Each structure stands twice: as C-alpha cells, then as structure tokens.
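Results of the structural survey
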Amino acid sequence: MRTMLAQMVVEDFRLAEGLEMTGADDGWMCAQLREGLAYRLGADTAEDLAPGGVVLLLPGNRVVLRASQLRPCIIRRFEMRVESMAGILTIEEEAALRCLEEAKARTGWTLSPEHPAALELSSVSAGFGRSPGQRIQLLGLALDIVGPLPNFEDDSDAASSPTATERFRRLMSEIPEGELMQSSPDDLARRCRCTVRHLNRLFRQTYGVALRAKLRDLQQRNAVQPQARPGLQVESRPLAPSQDPDTVARR
C-alpha cells in the first residue's frame, strides 16, 4: 500500500489485515509499529516486528511492512528525503548517505523498541514536524535511526599528491552545501592549494560526478525565481565588465 505523505510530518496510519506498506518512490520512510502484529519482509528475510520497533523503508519495494492476517495494526511513520538535508550535511556526508542507501536497499534497517531513536519516535505525537523547529528535530531523529555514516576509502591514484588529497578530503568533510554552492572551482582549488584540473579529478574520483555538474545541480535546487509585478515586464541584461554601474544608472 502506497500513500502520499507530507514530508517530515509524523502520522499514525491504520494498516488493514494482510496489507503491505512500502517505501516512498523517491524518499525514505521511517515506520514504527504502535499496535497490533506486523512483519518486516526483505528480499530474502522475514521477521516479526516487535511493538515499538522501527523499520526504515527505502525506495524500490525490496523491503516492506505487512500487517498480520489476524487484525489491523497502527503504524507511526514519517517520510524524508536526502535532499532535505542540503545545507546541513557536507557534500561528503551526503555521498556517504547515498552509499549507505544503496548498501541497505535489500535489507533496510530495523531498530529494537529499546533503541534511543525508537523511544524518541514513540514520545512524539501525530502531527509532529509541522513547524520548522520540529522538522529540524525530526531530521536529527532520522539521522539517529540511520546511525553512523560510512567513511570513504581513499581511492585516488598514485600520481595524486597526498597533501592535496588530504586537504580536499578535509574541505569536503567540513564545507556545508550552502557554502559549496556559492563557491567556484577556482575558489575551491585555492583552498585545496592545487590546480582546478587536479581538484576536478579528485572530485570525480571521490563522488563519481563532475564538480561543475554538482555545483550546477545545487544552484538549480536552491534557486529562487523572482516574481514580477503584474503588467511589468523585466528585461535582464548582463552588465559588461568595462561599464561603470554609476554611469549606467545615470543614463
């Protein structure tokens, strides 16, 4: 059974006898058994879910939550997307989260009722997450459910400078996406004290995507389109580098 969820809002859902709950098409779903009997079914596993236990369902339908044939159950759940963490996670943490998603797609996550994250999810009420502060708290809870992120192995080639690679790793582990989005390849290369070409090679080796493509994706994702007033057409023309803005204004 698939239903549309408001992202990052907790809800209590009644799952009828024998029906299955799957993950979202493009997000992660945290689901906790509140009442009744339910089972977690994986690609090659099946297990009872204890009341209070939490399952993290990923896209792809390879892990589902099924209600018992005997009676319905109540599921507390909320949906999240990795894109929601832009500006919170560093670029390296986001890539680690993607790798973890791929590694866990077949097995998913299951937390016992005694796990601190499971206990915290039990303590919130339906509708939690509707305010900005609650959504931030829910993001922290989601990361607690996911657990420690994997570390990347250094797979740079032997010709790479270890010093430049170390500076690159440190920068990518510390810089937020918001700051990365506003940086140019030249800026990043200066901070790593290497050439732009070498920086591009390190970025592609580490994250599997070109640096410029990643920057463009971040800028498009966070772009805010200005709204023109009705009846007013605004023409946007770039100012030539040689023009003086004050002179142009007087014209």
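Keep in mind that what you see is a predicted model, and the values were worked out from it rather than measured.

Regarding the pattern of salt bridges
- Taken as a whole, this structure holds 10 salt bridges when the rule is applied.
- Its salt-bridge partner being R81, residue E79 comes within 3.0 Å of it at the nearest N-O pair.
- With a relative accessible area of 4%, E79 lands in the buried category.
- The partly exposed category is assigned to R81, whose relative accessible area is 22%.
- Residue E177 pairs with R221 through a salt bridge whose shortest N-O separation is 3.5 Å. Placement of E177 in helix α5 (residues 177-181) and of R221 in helix α8 (residues 211-221) is noted, with a sequence separation of 44 residues between them.

Overview of the sheet that holds strand β4 (residues 38-41)
- If you walk across this open sheet you meet the four strands as β2-β7-β4-β5, and the pairing is antiparallel. The open sheet has two edge strands, β2 (20-21) and β5 (46-49), and neither has a second partner.
- Of the pairings in the sheet, the one linking β2 to strand β7 (residues 64-67) comprises two bridges and is antiparallel in character. Following the sheet pairing, M21 is matched in β7 by L65.

Some points on the nonpolar core
- Core analysis: the largest hydrophobic core is formed by 27 residues, its most contacted members being W28, F78 and I145.
- Of all elements in the fold, only β3 (28-35), β6 (54-57), β8 (73-80), α1 (91-104), β9 (109-111), α2 (116-123) and α3 (132-146) reach the threshold of two or more residues within this core.
- The element that contributes the greatest number of residues to this core is α3, accounting for six residues.
- Setting aside its immediate chain neighbours within four residues, F78 contacts M8, V9, V10, W28, M29, C30, L121, L138, L141, A142 and I145.

Cut-offs applied
Residues numbered from 1 in each chain as written. Predicted model: local features only at pLDDT ≥ 70, side-chain atom pairs only at ≥ 80, totals over all residues. Heavy atoms only, no water. Salt bridge = Lys/Arg side-chain N within 4 Å of Asp/Glu carboxyl O. Buried < 20%, exposed > 50% of the residue type's maximum accessible area, 1.4 Å probe, protein only. Helix = DSSP H or I, 4+ residues; strand = E, 2+ residues; numbered from the N terminus. Pairing = 2+ DSSP bridges. Core = buried A, V, L, I, M, F, W, Y, C linked by side-chain atoms within 4.5 Å. Contact = heavy atoms within 4.5 Å.

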